[in-house]
Amino acid sequence: CPAPTVGESFGNIEPTLMFVFSGNSRRISLFFFWLCFPDRLPLSIRVFLEAAIRNCDGFYTTEGDVENILDWQQQQDKAEVPFTPARVLLQDFTGIPAMVDLAAMRDAVAKHGEDPSLVNPKCPTDLIVDHSLQIDFICFHNAPNPGGGESATPSLAPPRSVPSRLPSRGGSHCGGQQGSCSKAACSDPPASSGGRPAAVQQIENTPLLCPFHLKPVSETETAVKNQEMELIRNKERLQFFKWCSKAFKNVNVVPPDVGAVHQVNLEYLSRVAQVSDGVIYPDSVVGTDSHTTMINGLGILGWGVGGIESEAVMLGQPVSLTLPQVVGCKLVGSINPLSTSIDIVLGITKHLRQAGIAGRFVEFFGPGVSQLSAPDRTTIANMCPEYNATVSFFPIDRVTLKHFKKTNFSHEKLELMESYMKAVKLFRSYEEPPEDVIEINLSSMVPHVSGPKRPQDRVAVSNMKADFQSCLEEKVGFKGFHISKEKQETRVPFLHCGQEYQLVHGSVVIAAVISCTNNCNPSVMLTAGLLAKKAVEAGLTVKPYIRTSLAPGSGMVTHYLNSSGVLPYFSQLGFQVIGYGCATCVGNTAPLPDAVVDAIKQGDLVTCGLLSGNRHFEGRLCDCVRANYLASPPLVVAYAIAGTVGIDFEKEPLGLSSSGKEVYLSDIWPSREEVQQTEEDTVISSVFKDLRGRMEKGNTFWNNIESPDSVVFPWDPKSTYIRCPPFFSNLSKELPAPQSIENAHALLFLGDKVSTDHISPAGSIARASTAAKYLQSRRLTPREFNSYGARRGNDAVMTRGTFASIKLLNRFIGKPSPKTLHIPSGQTLDVFEAADRYQRDGVPLVILAGKEYGSGNSRDWVAKGPYLLGVRAVIAESFEKLHKSQLVGMGIMPLQFLPGQSADSLELSGKERFSIVLPESLSPRQQLTVKTSKGTSFSVTALFDSQIDVIIFQHGGLLRYVAQTFLRSGSQPRAGAAERAPCP
């Protein structure tokens, strides 16, 4: 549909869509655009239809695919259809292996005599460097923790002194306005760096803007020091990213210290309507993170995929998925004034999880939707992976347009957007609900937290004290800790900074207001800030041993917290800005004080962490913190002030005021009207304008990084961050013959709900792990280990990190441990060491598992790691859908026990040897026979959803498939005609 010129109405354009077949100049008009969008189609499916028509090339997208989407009512949950998104979104943890794989593919193509420069992303790709930040410093005087070590480089380590929790709130302010920045904050950068490294000097001398007065300032020392460490620690990775930005076409790299990937996507990259080469079409995105779904709150269709799927899209291949069912979620009622968007999120999560909507699309409609701001909607859409929906879609409407007016969309762009979305019937109509409807009453939502171990275990704040007590008493499981009655009242005194404190069960030791879920919604962060302000004014404090931190997702958040006057009050309670990016949520927490750790171990205490994020599995934040709760930012602040989760806010005070008066939570909780007024006064278009300028400018360190100018990447054999992976070894142009699995051993015998955290950890590298041994063999000290996430570009580290979680419960071992049984020898070994021994002996491997194998975050190494360990198949009772696709993408068979069967019902010990014969011609959902060395056999279902899955598996995985297709065609594969033709 040709884009109109500025001021031209879509009403004057006949909206006929044309599409072009590859290699042929003729254009064929299929049908009028508006006839493609009958009212019976849900709005999210209309986006599918538009993409299928626009990208119909006769190969990956055919006229039959278009007809299936048009016949959605009959074909839902039956037909497999392609979807070509408008763009791909990568964050650096998952983005670096994707880019390393493309660099390795260039090597492989060059070795076969083809032009490596032709290997480029065909789909526009944005890579945001945001997951490298670690909390090395908090407040101003904490020693850094550079990648798991005990001490920092002497030149960077500040003196050990008592941190000040209550800096003076007095003093004059530049501009003379209370609540803006202090004169100290607006002072010039220090003239001397005190002999620090050049990179540090560059950072300190980078001019920044005071968010309130737009004058040059230096950032708070806390954030600057964390940013310094981030940039120094990750220089190799940043050099590689810089090379990618120059070597590959269609790649845009957003440098570090700009914002979290979801924030950047929402505030900077979202378009709603894309315009390219004179054609206008709906914006859509797939990203290498399950929480890409936030973008659906703005009416942009998007969801998370694995790294290997994103690489396929980058190379021009569509995502293949079963045409989804669409569930309408009708919102009615009025929002409780005390409920935040987090309460709404968790309430809807509970309702939809109970409704059993796994794999479906959810579209929101009804009178309650109009009460939700655009930030509210993105917060709700963010959590859809927790109730297993593919997307939670809020079609564009007046509320969305009002939001974009605040984000510096020009009047012309807004007019074009509105005209186009209405012309193609993608503008919201509350009167056209999908057929399948779930009704949710917003007035029933009350404040909740989630935990202590899983995000779906919601606890009403009013019942928190009693629920935690019951968790202490319950047997060890998803909620219980099994603390005996006589030990539940244990109190352990300890000294911190010369003062005595006590820890008990339920004591809060970590309180983190972090980036990924909440700061897209200013009202939630402002509620926390106003709460902090009232708490300080009432004389309340936070105990100094609690690890408090504030990690905004972008400079926009700092801007409105500062301009609203609440940021200093955050600081006075210990919630200092530590930098921009993911930190606590991915396990990058600074170590707790030694006295606190000793007290926890001495009393075997169940202490608590509170965070406003979306991941909190046991042991993820800190090994010694066993109970972790997801909470809204204001509740994180409230529990930090209380110092315990064992409090009934309705009946017990948070503490005493300076005059000795009891202060209750209700005394300092800001009203909804107060929050909304503050939001209107501070979240303005200038905030977004300032952020965009920061993104486009970058920073001095990034701008000065040198990188190679070569077409292929010059791999450094000494590098411990970037290695050429062995995925393309023995690559040939011919399709390999099917290889049956003969006499395989089970590497692991696992139970239910094995998460991606168990399979591929993202946090720090334990000193006793095989990954640590490898790094030590490369002459690195523990303080230089960094994290698994930072080293995802090194297959040697990531393979050794596979199944290295201390919480992995392997039935061969009988207790949580990153160990397994090497069956031939009877030895207990690290998982990598056992797999390495099996591979040297030429023994194939399988994994036995229970229900929901692979649940949790999307990570490509959860499939790449097992592949490099030699795993050929995973036999489980059920799989998380995305992880199942990742296994197929790496050439690993996901095999499902037949209904009613399991390893236990089949009396498998796991010590048998397994053989699986593959037929010459595989088909989707085909049943295969597994024979054991005991002489028994059982049937399993091969979970290939489509013939494309079968083709990918037969090639040995998606990467090899793309490379082999490239070699056979002699140019970059556009549609894979050679493989598509034989498909039935």
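- Per an unreviewed UniProt entry, the recorded name for the chain is Iron-responsive element-binding protein 2, and the organism is Oryzias sinensis.
- Its UniProt record gives the chain the following Subcellular location (unreviewed entry) comment, quoted word for word: "Cytoplasm".
- What the UniProt record of the chain gives under Cofactor (unreviewed entry) is the line "[4Fe-4S] cluster".

1. Section: the overall build of the chain
So, step 1. Helix and strand counts for the chain stand at 33 helices and 36 strands.
So, step 2. Here the chain, with 984 residues, has 62% of them falling under the buried criterion.
So, step 3. When contacts within the chain are restricted to residue pairs at least 6 apart in sequence, those whose partners lie at least 24 apart make up 74%.
So, step 4. About 35700 Å² of surface is accessible on the chain, with carbon and sulfur atoms providing 49% of the total.

2. Topic: the environment of Gln739
So, step 1. With respect to the element layout, Gln739 can be found in the loop between α24 (700-704) and β28 (741-749).
So, step 2. Among the residues examined, Gln739 registers a relative accessible area of 54% and is labelled exposed.
So, step 3. Taking C-alpha positions, Gln739 is 8.9 Å from Gln954, a pair spaced 215 residues apart along the chain.

3. Concerning the sheet that holds strand β5 (residues 125-128)
So, step 1. In space, the five strands of this open sheet follow the order β8-β5-β4-β11-β12, with parallel pairing throughout. Sheet topology places β8 (251-254) and β12 (301-304) at the edges, where each strand pairs with a single neighbour. Pairs of neighbouring strands in the sheet enclose a mean axial angle of 20°, with direction left out of account.
So, step 2. Along the sheet, helix α5 (residues 92-111) contacts β4 (87-91), β5 and β8; its crossing angle with β4, the most-contacted strand, is approximately 110°.

4. Quick notes on the confidence of the model for the chain
So, step 1. For the chain, the average pLDDT comes to 80, and 80% of its residues sit at 70 or higher.
So, step 2. Mean pLDDT values over the elements of the chain span from 30, in helix α33 (residues 977-980), up to 98, in strand β31 (residues 845-848).
So, step 3. Under a pLDDT of 50 for its full length, residues 1-36 has, in the predicted model, 68 contacts with residues more than four places off or in other chains.
So, step 4. Scored below 50 in pLDDT, residues 973-984 makes 29 contacts in the model with residues more than four places away or belonging to other chains.

5. Quick word on the pairing of strand β32 (residues 871-876)
So, step 1. Among the six residues that make up β32, five are buried, leaving the element largely enclosed by the rest of the structure.
So, step 2. Note: β31 against β32, four bridges, orientation parallel. Within the sheet, the bridge partner assigned to Leu845 lies in β32 and is Val871.
So, step 3. In this fold, the crossover linking β32 to strand β33 (residues 893-897) by way of helix α30 (residues 881-889) has right-handed handedness.

6. What about unusual backbone geometry?
So, step 1. Each neighbour pair has its own omega, and for Gly451 with Pro452 the value is 10°, a cis peptide bond.
So, step 2. Topologically, Pro452 is positioned in the loop between β18 (448-450) and β19 (458-460).
So, step 3. One non-glycine residue, Asp604, lies in positive phi territory at about 50°.
So, step 4. One can find Asp604 in the loop between α19 (594-603) and β24 (608-611).
So, step 5. The exposure class of Asp604 is partly exposed, given its relative accessible area of 43%.

7. Examining the packing of aromatic side chains
So, step 1. For the coordinates displayed, the defined rule picks out 24 aromatic pairs.
So, step 2. Geometrically, the ring pair formed by Phe570 and Phe575 is edge-to-face, given 6.3 Å between the ring centres and 70° between the ring planes.
So, step 3. Classification of Phe575 by relative accessible area gives buried; the value is 0%.
So, step 4. Note on Tyr639 and Phe649: the rings are 4.8 Å apart at their centroids and 50° apart in plane angle, and the pair reads as tilted. With Tyr639 in helix α20 (residues 633-642) and Phe649 in the loop between α20 and β26 (655-656), this pair connects stretches of sequence that are ten residues apart. Across the pair, Phe649 and Tyr639 agree in class, each one buried.
So, step 5. By way of ring pairs, the aromatic residues Phe240, Phe241, Trp243, Phe248, Phe713 and Trp715 are connected into one cluster.

8. A closer look at the sheet that holds strand β16 (residues 391-393)
Two strands in a sheet stick together by hydrogen bonds in their backbones, pointing the same way (parallel) or opposite ways (antiparallel).
So, step 1. The strand order across the open sheet built from four strands is β16-β15-β14-β17, with neighbouring strands paired in parallel fashion. Because the sheet does not close on itself, it has two edges, and the strands there are β16 and β17 (436-441). Direction aside, the axes of adjacent strands within the sheet are offset by 25° on average.
So, step 2. Taken together, the five bridges between strand β14 (residues 326-332) and strand β15 (residues 361-365) define a ladder with parallel strand orientation. Following the sheet pairing, Gly328 is matched in β15 by Glu363.
So, step 3. On top of the sheet, helix α2 (residues 43-54) reaches β14, β15 and β16; it is set at about 125° to β15, its chief contact.

9. Details of the pairing of strand β29 (residues 819-822)
So, step 1. Examined bridge by bridge, β29 and strand β30 (residues 827-830) share four bridges and lie antiparallel to one another. Across the sheet, Thr820 pairs through a bridge with Leu829, a residue of β30.
So, step 2. The antiparallel hairpin formed by β29 and β30 contains four residues in its connecting segment, where Gly826 sits at a positive phi of about 80°.

10. Topic: the nonpolar core
Side chains that are nonpolar tend, in soluble globular proteins, to be buried together.
So, step 1. Core analysis: the biggest nonpolar cluster contains 182 residues, and Met99, Phe240, Trp303, Leu747, Phe803, Tyr853 and Met893 have the highest contact counts within it.
So, step 2. Ignoring anything within four residues of it in the chain, the contact list for Phe240 reads Ile96, Met99, Val100, Ala103, Phe713 and Ile722.
So, step 3. Listed in part, the 77 residues of the second largest apolar core include Ala538, Val566, Tyr639 and Ile668.

11. Here's the deal with helix α15 (residues 464-473)
Think of an α-helix as 3.6 residues a turn; residues three or four steps apart then line up on the same face.
So, step 1. Met464, Asp467, Phe468, Cys471 and Leu472 are the residues of α15 that are buried. The buried residues of α15 occupy an angular sector of 145° when the element is viewed end-on, so they sit on one face.

12. Points about helix α10 (residues 307-314)
So, step 1. Counting buried positions over the eight residues of α10 gives eight, a clear majority of the element.
So, step 2. Taken together, the buried positions of α10 are Gly307, Ile308, Glu309, Ser310, Glu311, Ala312, Val313 and Met314.
So, step 3. Once α10 ends, the next one or two residues include Gly316, with phi positive near 100°.

13. A word on the packing of α5 against helix α8 (residues 235-247)
So, step 1. Between α5 and α8, the least distance of the axes is 11 Å, while the angle of their chain directions is 60°. Considered as vectors, α5 and α8 are oriented oblique to each other. Here α5 and α8 pass one another in a crossing that is left-handed. Along the contact surface, α5 presents Asp92, Phe93, Ile96, Met99, Val100, Ala103 and Arg106, while α8 presents Arg237, Phe240, Phe241, Trp243, Cys244 and Ala247.
So, step 2. The residue makeup of the contact of α5 with α8, split by class, is ten nonpolar, no polar and three charged.

14. Observations concerning the pattern of salt bridges
So, step 1. According to the stated counting rule, one finds 29 salt bridges in the structure shown.
So, step 2. Notably, a salt bridge pairs Lys864 with Glu311, separated by 3.7 Å at the nearest N-O pair. One end of the pair, Lys864, is in helix α29 (residues 861-869); the other, Glu311, is in helix α10, and 553 residues separate them in sequence. Glu311 carries the same exposure label as Lys864, and that label is buried.
So, step 3. With a shortest N-O distance of 2.7 Å, Arg811 and Asp904 are connected by a salt bridge. In this pair, Arg811 sits in the loop between α27 (795-801) and β29 while Asp904 sits in the loop between β33 and β34 (914-916), placing the two residues 93 residues apart along the sequence.
So, step 4. Owing to a relative accessible area of 42%, Arg811 belongs among the partly exposed residues under this scheme.
So, step 5. Residue class for Asp904 comes out partly exposed when judged on its relative accessible area of 47%.
So, step 6. Three or more residues joined by partner-sharing salt bridges are found here, namely Lys773, Lys819, Asp830 and Glu833.

What counts and how
- Residues numbered from 1 in each chain as written.
- Predicted model: local features only at pLDDT ≥ 70, side-chain atom pairs only at ≥ 80, totals over all residues.
- Heavy atoms only, no water.
- UniProt positions renumbered as here; feature names shortened; annotations may be inferred.
- Helix = DSSP H or I, 4+ residues; strand = E, 2+ residues; numbered from the N terminus.
- Buried < 20%, exposed > 50% of the residue type's maximum accessible area, 1.4 Å probe, protein only.
- Contact = heavy atoms within 4.5 Å.
- Areas by Shrake-Rupley, 256 points an atom, 1.4 Å probe, with all protein chains shown as cover.
- Pairing = 2+ DSSP bridges.
- Axes fitted to C-alpha atoms, helices over the stretch in contact; angles between N-to-C directions.
- pLDDT = per-residue confidence, 0-100.
- Right-handed = clockwise from strand over helix to strand, strands pointing away.
- Phe/Tyr/Trp six-rings, centres within 6.5 Å; stacked < 30°, edge-to-face > 60°.
- Core = buried A, V, L, I, M, F, W, Y, C linked by side-chain atoms within 4.5 Å.
- Arc of directions from axis to C-beta.
- Parallel < 35°, antiparallel > 145°, perpendicular 65-115°, else oblique.
- Left-handed = near helix turned anticlockwise from the far one by under 90°.
- Nonpolar A, V, L, I, M, F, W, Y, C, P; charged D, E, K, R; others polar.
- Salt bridge = Lys/Arg side-chain N within 4 Å of Asp/Glu carboxyl O.

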